[in-house]
Amino acid sequence: MLTDDIGIFTERGGTILFYLSNEGIAVVDSQFPDQSNHLIEELKKKTEKPFKLLINTHHHGDHSGGNISFKGIVDHVLAHENSKANQERVAKANKTEDKQLFPDQTFGTVWNQKFGKEKITLHYFGAAHTNGDALVHFEKANIVHMGDLLFNRRHPFVDRSSGANIKSWITVLEKAEKKFDKKTQFVYGHSAEGFDITGTVDDLKAFRNYLGSILEFTQKEINAGKTREEFIKTTVLPFETQWKGDGLVRPLTAAYEELTTK
Ligand SMILES: [Zn+2]
Ligand SMILES: [Zn+2]
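Report follows, based on the coordinates.

Rules and cut-offs
Residues numbered from 1 in each chain as written. Chains lettered and ligands numbered in written order. Predicted model: local features only at pLDDT ≥ 70, side-chain atom pairs only at ≥ 80, totals over all residues. Heavy atoms only, no water. Helix = DSSP H or I, 4+ residues; strand = E, 2+ residues; numbered from the N terminus. Rg over C-alpha atoms; globule rule 2.2 N^0.38 Å. Contact = heavy atoms within 4.5 Å. Areas by Shrake-Rupley, 256 points an atom, 1.4 Å probe, with all protein chains shown as cover. Lys, Arg positive; Asp, Glu negative; His and termini not counted. Charge placed at Lys NZ, Arg CZ, Asp CG, Glu CD. Donors = N, O, S within 2.8 Å, 3.2 Å for Na, K, Ca; no water. Tetrahedral: all angles 85-135°; square planar, octahedral: opposite > 155°, others 65-115°. Expected span 1.5 Å × (residues − 1). Buried < 20%, exposed > 50% of the residue type's maximum accessible area, 1.4 Å probe, protein only. Arc of directions from axis to C-beta. Phe/Tyr/Trp six-rings, centres within 6.5 Å; stacked < 30°, edge-to-face > 60°. Lys NZ or Arg CZ within 6 Å of the ring centre and 35° of its normal. Pairing = 2+ DSSP bridges.

**Comments concerning the overall build of the chain**
Broken down by element type, the chain carries seven helices and 14 strands. In terms of C-alpha radius of gyration, the chain reaches 18 Å, essentially the compact-globule figure of 18 Å for 262 residues. Referenced to the eigenvectors of the C-alpha coordinate spread, the extents of the chain come out at roughly 60 × 45 × 30 Å. A sequence separation of at least 24 residues applies to 64% of the contacts in the chain between residues at least 6 apart. About 12100 Å² of surface is accessible on the chain, with carbon and sulfur atoms providing 48% of the total. The averaged location of the 36 negative side-chain charges in the chain is 3 Å from the averaged location of its 34 positive side-chain charges.

**Description of the coordination of the zinc ion (ligand 2)**
The protein atoms donating to the zinc ion (ligand 2) are His58 (NE2), His60 (ND1), His129 (NE2) and Asp148 (OD), with metal-donor distances spanning 2.1 to 2.2 Å. Angles of 90 to 168° at the metal separate the four donor atoms of the zinc ion (ligand 2), which places the site in the irregular class. Between the zinc ion (ligand 2) and the zinc ion (ligand 1) the interatomic distance amounts to 3.5 Å, and Asp148 serves as a bridging ligand to the pair. Of this pair, His58 sits in the loop between β4 (51-55) and α2 (61-64) while His129 is found in the loop between β8 (118-123) and β9 (135-138), placing the two residues 71 residues apart along the sequence.

**A few points about the coordination of the zinc ion (ligand 1)**
At this site the zinc ion (ligand 1) is bound by Asp62 (OD), His63 (NE2), Asp148 (OD) and His190 (NE2), with donor distances of 2.1 to 2.3 Å. Its four donor atoms give the zinc ion (ligand 1) angles of 87 to 162° at the centre, a pattern that matches the irregular case. Mapped onto the sequence, the donors of the zinc ion (ligand 1) take the spacing D-H-x84-D-x41-H.

**Comments concerning helix α4 (residues 166-179)**
Taking 1.5 Å per residue, 14 residues should reach 20 Å; α4 reaches 20 Å between its end C-alpha atoms and fits that length. Along α4, the residues that are buried comprise Ile166, Trp169, Ile170, Val172, Leu173, Ala176 and Glu177. Summarising the axial view, the buried residues of α4 lie within an arc of 160°, below the 170-degree limit, and thus occupy one face. Away from the buried face of α4 by more than 90 degrees, exposed residues Lys167 and Lys178 are located.

**Notes on unusual backbone geometry**
Located in the positive-phi region is Lys95, a residue other than glycine, with phi close to 55°. Along the polypeptide, Lys95 turns up in the loop between α3 (81-94) and β6 (105-107). Of note in this structure, Asn142 is not a glycine but carries a positive phi near 55°. With respect to the element layout, Asn142 can be found in the loop between β9 and β10 (143-145).

**Here's the deal with the packing of aromatic side chains**
Scanning the entire structure with this criterion turns up 10 aromatic pairs. On the numbers, 5.7 Å between centres and 15° between planes, the contact of Phe207 with Tyr210 is stacked. One end of the pair is Phe207 and the other is Tyr210, both in helix α5 (residues 201-223) and three residues apart, which spans about a single turn. Aromatic rings pair up to connect Trp169, Phe207, Tyr210 and Trp243 into one cluster. In this arrangement the basic side chain of Arg12 is found over the ring face of Phe32, its NZ or CZ atom lying 4.1 Å from the centre.

**Some words on helix α1 (residues 33-46)**
Between the first and last C-alpha of α1 there are 20 Å, a value that for 14 residues agrees with the 20 Å anticipated at 1.5 Å per step. For α1, every residue scored as buried is listed here: Gln35, Ser36, Leu39, Ile40 and Leu43. Burial along α1 is one-sided: seen end-on, the buried residues are contained in an arc of 135°. Opposite the buried face of α1, at more than 90 degrees from it, the exposed residues are Asp34, Lys44 and Lys45. Tucked inside the fold, the buried residues of α1 contact β1 (6-9), β2 (16-20), β3 (25-28) and β4.

**Re the pairing of β9**
Taking every second residue as pointing to the same face, both faces of β9 are buried, with Leu135 and His137 on one and Val136 and Phe138 on the other. Taken together, the four bridges between β8 and β9 define a ladder with antiparallel strand orientation. The partner of Ile120 across the bridge, within β9, is Phe138. Judged from the three bridges that link them, β9 and β10 form a sheet pairing that is antiparallel. In the sheet register, Phe138 faces β10, and the bridge partner there is Ile143. Connecting β9 to the next strand, β10, in antiparallel fashion are four residues, including Asn142 with a positive phi near 55°.

As structure tokens, this is what we get:
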């Protein structure tokens, strides 16, 4: 638990957040079907209140794959309009439409609602990890679920096939740093081994600097005539960073494509 009534659940996939209010339960993200079944089982031991709202930070399967476990028991599923479109497109391509529970509510730039003693506000600040990432703010508790807008000390997945953009991602993080404050507690979709899945605005700044350095480094290498194939073999970054481990090929490929595609 992060507070008396807001907690997080990590089993396999993107971190889930839940809010147990006197009116009912709100859940942010759903991992995969088995994980959501476990979560639902556990939450039913804590409260007899109904599931009112399931929010998806974005459409990726490790965040929305478990939606189906809430079918028939949750009143509403909410996500950014692009997240819903992405979920529908990917499910159609993979022929997994029958394994999805799609949002029945969407929003464009901002959405808010009183919920129990909380006010829940969703913000959309532009393309980043995908083109449909919502920041979910529980205003009274001052807790923000960042979804995959923050990979804590772990190389990020940049889903260009779903409209991701690193340059815009940097702006999104800047907006978040301005919107929230020093006391805000942030929840992250993923973190590297040994690093927390919650933190402060300092993590946002550190990740923004990392993304900026990635773009700068990539541009230099492009200017020096490196081909895509040569470039993505890079294993050591030429700048000081806490982002280590495997998966470096993902942001490097995305950065190279972003900077060489009109
Ligand atoms: Zn994820
Ligand atoms: Zn994701």
